[in-house]
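Structural overview for review
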Amino acid sequence: MTQAVDLVEIWRGGRLESWHQGHAVVVDEGGNIVEAWGDPEAVTFPRSSAKMIQALPLVESGVADRFGLTSEQLALACASHSGAAIHTDRVQRWLADLGLGNDDFQCGPQWPQDIPARNGLIKADDSPCRYHNNCSGKHCGFLTLSKANGWGPDYVEIDHPLQVLLKQTFEELVEETSPGWGIDGCSAPNHASTVHGMARAMATFARADDSSKRGAAMVRLREAMMTHPELVSNTDRACNHLMRAAKGKVAVKTGAEGFFIAIIPGQKLGVALKIVDGATRASECAIAAILCKLGVLDAEDPAVKAYRNPALKNFAGLVTGEMRPASTLA
């Protein structure tokens, strides 16, 4: 088995101080590997990078149209948001439209990553709610599909009809039998796959068109992500900045513990990567570097350099080093 390889380096004082290793795969529309680093068959959890797969039955089934869901809501269904007002206001309206409330969520309360939202709660001596959870948009999608089908409220249980459907959809897209599952940060099951399998699934999203019900659903989800990148993440985060820098050429999505995916419709390519130490800074750098190699991003764009080649500063604002792609990705 091929081992993980160096993907990202940290330099200080002219010396290599730290490095992050990982696995990354680029797959074409036929499922073939175009380029790979490390072990394409490494098995891991895609975490929140799989959210567009988890949202697919909501659209493919026609439930999204039956409930009149907007592209903003579809973006939120794929989101790991920051709990900013632009996210939580929309999530609460979605819940209200369903005739449901905060307690119907199975995800736990989470302090917002968005600083104004977090500070607002602290100043009010208040506590976060479940709708502040970064996965609350995904859970709105889960609740919508469950309500449409009359399924019970325990929608995160592995044997719940929703989760049975999501596992089937996941395995169809990665074209593998998942070797197991774990519980994600939002309490929902997350199924393991190879990095190659996730890249293959993203290539399927990339090549999708309106000629089939599933293809049309995939197009709607990837377009919703690219149209509303600030809802997929927040205005100050990598997914938003990189999608805006790409100007409609790519949908990207981070996942916890150093996972990242990209859907590139113009080239019908899918990308998946995993940083083995779980560092988000490294997964952001690596996905930016790969997208530059593929011509999707401009390496000289300041928004891209902020992730691909960021200057590292200390608390006094002095530049003390830099993060950059390893020679394998440069």
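See the structure shown above.
It should be emphasised that the depicted structure is a prediction, and the values quoted were computed from it without experimental measurement. (Residues numbered from 1 in each chain as written. Predicted model: local features only at pLDDT ≥ 70, side-chain atom pairs only at ≥ 80, totals over all residues. Heavy atoms only, no water.)

**So, helix α4 (residues 85-97)**
Under the convention used in this document: We count a stretch as a helix when DSSP gives it H or I for four or more residues in a row; a strand needs E for two or more, and each element gets its number in order from the N terminus. To estimate the expected span of a helix, subtract one from its residue number and multiply by 1.5 Å. Note on classification: 1.4 Å probe, protein chains only; a residue is buried when its accessible area is under 20% of the maximum for its type, exposed when over 50%, partly exposed between these limits. Regarding the arc, it is the one traced by the directions from the helix axis to the C-beta atoms. We call two residues in contact when some of their heavy atoms are within 4.5 Å.
For α4, spanning 13 residues, the distance from its first C-alpha to its last is 18 Å, which sits close to the expected 18 Å at 1.5 Å a residue. The complete set of buried residues in α4 reads His-87, Thr-88, Val-91, Trp-94 and Leu-95. All buried residues of α4 fall inside an arc of 125 degrees around its axis, so they share one side. Across α4 from its buried face, at more than 90 degrees, point the exposed residues Ala-96 and Asp-97. Tucked inside the fold, the buried residues of α4 contact α3 (71-77), α6 (136-149) and α10 (229-232). With its phi angle positive at about 75 degrees, Gly-99 sits one or two positions after the end of α4.

**Concerning the packing of helix α1 (residues 51-60) against helix α7 (residues 161-174)**
To describe two helices that pack against each other, one gives the angle between their axes and the distance between the axes. The line we're drawing: Every axis corresponds to a line fitted to the C-alpha atoms, with the helix fit spanning only the stretch in contact, and the corresponding angles, defined between N-to-C directions, vary from 0 to 180 degrees. Crossings are classed by handedness, with left-handed meaning an anticlockwise turn of the near helix from the far one by less than a right angle and right-handed meaning a clockwise turn. Residues are sorted three ways: Asp, Glu, Lys and Arg are charged, Ala, Val, Leu, Ile, Met, Phe, Trp, Tyr, Cys and Pro are nonpolar, and all the rest, Gly among them, are polar.
Closest axis-to-axis distance for the α1/α7 pair is 9 Å, and the angle between their directions is 115 degrees. Note that α1 runs across α7; the crossing there is right-handed. In contact with Ile-53, Gln-54, Leu-56 and Pro-57 of α1, α7 contributes Leu-165, Leu-166, Thr-169, Phe-170 and Leu-173. Within the contact of α1 with α7, the residues separate by chemical class into seven nonpolar, two polar and no charged.

**Details of the pairing of strand β10 (residues 269-275)**
To keep things clear, this is the line we draw: Here, any two strands with at least 2 DSSP bridges between them count as paired.
Judged by how many residues are buried, β10 sits mostly within the fold: seven of seven residues are covered. Burial along β10 is two-sided: the face carrying Leu-269, Val-271, Leu-273 and Ile-275 and the face carrying Gly-270, Ala-272 and Lys-274 are both buried. Summarising the sheet, strand β2 (residues 15-27) and β10 pair through six bridges and their orientation is antiparallel. Looking at the pairing, Val-27 lines up with Gly-270 of β10. As judged from the six bridges shared by strand β9 (residues 259-264) and β10, these two strands associate in the antiparallel manner.

**A look at the side chain of Thr-254**
Structurally, the position occupied by Thr-254 is in strand β8 (residues 251-255). Using a relative accessible area of 12% as the deciding quantity, one classes Thr-254 as buried.

**Description of the pattern of salt bridges**
The cut-off we apply is this: We define a salt bridge as a contact between a side-chain nitrogen of Lys or Arg and a carboxyl oxygen of Asp or Glu at a distance within 4 Å.
Inspection of the entire model under this criterion finds 11 salt bridges. With a closest N to O distance of 2.8 Å, Glu-72 and Arg-90 form a salt bridge. Of this pair, Glu-72 sits in helix α3 while Arg-90 sits in helix α4, and the two are 18 residues apart along the sequence. Relative accessible area serves as the criterion here: at 28%, Glu-72 is assigned to the partly exposed category. With relative accessibility at 22%, the residue Arg-90 sits in the partly exposed group. Between Glu-176 and Arg-200 there is a salt bridge, with the nearest N and O atoms lying 3.1 Å from each other. With Glu-176 in the loop between α7 and β5 (181-183) and Arg-200 in helix α8 (residues 195-207), this pair connects stretches of sequence that are 24 residues apart. Considered together, Glu-176 and Arg-200 belong to a single accessibility category, that of buried residues. Each of Glu-60, Glu-172 and Arg-214 takes part in a single network of salt bridges with overlapping partners.

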